[in-house]
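In case you want the letters, here they are:
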Amino acid sequence: MMNKILLISLVSVSVLAGCASNVGTDNKGSLTFLDHFPKQGSELPYSVLRDDLVDAKTNQTFEIRNGGFGSAMTSHPSKVNQFYALTDRGPNANYTGDYGKGKSFPVASYTPRIGLFEVATDGSISLVENILLKRPDGSVISGLPNTSALGGTGETPYHSNGKPVLVNDSQPYDKTTNPIKLDDYGLDGEGLVALKDGTFWVSDEYGPHIVHFDANGVEIGRINSFKNDERTIFHLPAVYQHRRANRGMEGLAVTPDETTLVGIMQSTMANPNKAAQKSDITRIVTVNLNSGETEQYLYRQEKAENANSEISTLTANKFLVIERDGSFLLGGPAKANPNAQKQVYRIDLTTGTPLSKIASSSSVSRDESHGLMIEGLTLEQYVVKNGWDALAQKDIQPVDKTLVIDMVEEVAYPHDKMEGLWIIDEHHLGVLNDDDFATWSTKGKLEQKYLDANTVDSNQLYIIKADLMGK
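Positions within a chain are numbered from 1, following the residues in the order the chain's sequence is written. The predicted origin of the model limits local features to residues at a pLDDT of at least 70 and limits the giving and counting of side-chain atom pairs to 80 or more, whereas totals for whole chains, interfaces and linings rest on all residues. For side-chain calculations, the full set of non-hydrogen atoms in the structure is used, while hydrogens and water are omitted.

### Digging into the overall build of the protein chain
- Helix and strand assignments follow DSSP, with helices taken as H or I runs no shorter than four residues and strands as E runs no shorter than two, numbered in order from the N terminus. Of the regular secondary structure elements, the protein chain holds 4 helices and 31 strands.
- Both definitions apply: the radius of gyration is a C-alpha atom measure, and the globule rule equals 2.2 Å times residues to the power 0.38. In terms of overall size, the protein chain behaves like a compact globule, its C-alpha atoms giving a radius of gyration of 21 Å where 471 residues would be expected to give roughly 23 Å.
- Along the first, second and third principal axes, the C-alpha atoms of the protein chain reach 60 × 60 × 50 Å.
- Here the protein chain holds 471 residues, and the buried ones make up 58% of them.
- Only heavy atoms enter the contact rule, under which two residues are in contact if any of them lie within 4.5 Å. Residue pairs in contact within the protein chain that sit at least 24 positions apart in sequence constitute 63% of those at least 6 positions apart.
- For the protein chain, the exposed surface amounts to about 18,700 Å²; the carbon and sulfur share of it is 47%.
- Only four residue types enter the charge count: Lys and Arg as positive, Asp and Glu as negative, with His and the chain ends excluded. A charged residue contributes its charge at one atom only: NZ of Lys, CZ of Arg, CG of Asp or CD of Glu. Here the protein chain contributes 44 positively and 60 negatively charged side chains, and the mean placements of these two sets differ by 4 Å. Here the term buried applies to any residue with accessible area under 20% of the maximum for its type, exposed to any over 50%, and partly exposed to those in between, with areas from a 1.4 Å probe on protein chains only. Method for areas: the Shrake-Rupley scheme with a 1.4 Å probe, in which residue coverage is limited to the protein chains shown.

In structure tokens:
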């Protein structure tokens, strides 16, 4: 088990109270880029991972790019013109092969990573550093799925040629001596926090796991809901084991004093089963890094099966949250949707009901696996069956939310996945998309990801001026 004293010492550094912005007299760098940043955004640099696969639509070879840095975003704690961005598990596509349903990993050896980026005075962006994520022994992790004991949902990893990813790919498959390769250190990272001591917290959608990494990307601590995982320092409530497949803890923030992590789930959980997951109720969880104490709140989405893709800190109780759908405004590889939703809301945790404060009664109980129950139903089931008004009658309210930015209105936002927020100061917000390594898939076939007939999707940073604090 990780040393709890080590964890506490790493998070004891405090930051300025109030808005968790980088702006201060001791910060390095310059905000002059705000005067010249292009309205239609600035592209992040990328490298090519491979360019030999054939696009299923065009029958031409295409590029798989790295890229992929938009899964999460956060400010550098002390340099105002720098930000960190996170990749997920690497390029992948739905695929069903001889060993069942799973994912095709065209770069199966890919290591998830944190990129440090700098914005120049003219608005151009450069990659300053790649921080590969590593196990406690210093070896790199992969993006391959976890075993079922730690949240895996039975995804089988395949190579792009349809062969399974094996422990030893040079030898034939054998269930005992050469099984399909899974990785209990593998992460599908979606949330990112950078602390002033140089360390990072990353949340993912496999466990979900929340993993503490040092400045070099080496794991030094872990939080999840699996009681038998000896790597954990603290635990999330067991209900988080019911995350919907591929929709885990998409956003992660930390309070200004760096004592409490705040995570948000992407979508309604499969609690107790898949029948409950296609709804508009999502959960926010806080974790005190000194005591391990947790609290939960509810968030009500604008429509069922939306995605909460990021959460970023304004104050100890106020946060910005991305809520989006999966549509493309211009069509991309799907049908154009002029009503595409890509929005940023401000929430206040003090307006929501802390679930731990709900008293048990003849109709209210708690289940070790499924959490708070009302009339024998999970909260997810109860909202599906009875609606939010019925939940309010039980004195349970979601957090209040106020629209801050509509990115479709602001910049005709063309991307499907808006997933990164960078609070630059009280009036400027950076917004970053996940380009999926410039790939898309149709019926399990990989292809280049286009926004329109001529534009390949890429990580694009937008900077929007708005009243973030609501003053």
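### Quick word on the packing of aromatic side chains
- Note on ring pairs: Phe, Tyr and Trp rings are taken, using the six-membered ring of Trp, and paired if centres are within 6.5 Å. Classes follow the plane angle, with under 30 degrees stacked, over 60 edge-to-face and the rest tilted. Throughout the structure, instances matching the rule amount to 10 aromatic pairs.
- Taken together, a centroid distance of 4.9 Å and an interplanar angle of 40 degrees make the contact between Phe83 and Trp422 tilted. On the criterion of sequence distance, the pair formed by Phe83 in strand 5 (residues 82-86) and Trp422 in strand 27 (residues 418-425) is long-range, its members being 339 residues apart. Each member of the pair, Phe83 as well as Trp422, carries the same accessibility label: buried.
- For the pair Tyr84 and Phe200, a centre-to-centre distance of 4.9 Å together with 80 degrees between the ring planes defines the contact as edge-to-face. Highlighted residues: Tyr84 in strand 5 and Phe200 in strand 12 (residues 200-204), separated in sequence by 116 residues.
- One residue, Arg231, lies across the ring of Tyr185, its end atom 4.6 Å from the ring centre. Geometrically, a charge over a ring is one whose NZ (Lys) or CZ (Arg) sits within 6 Å of the ring centre while staying within 35 degrees of the ring normal.

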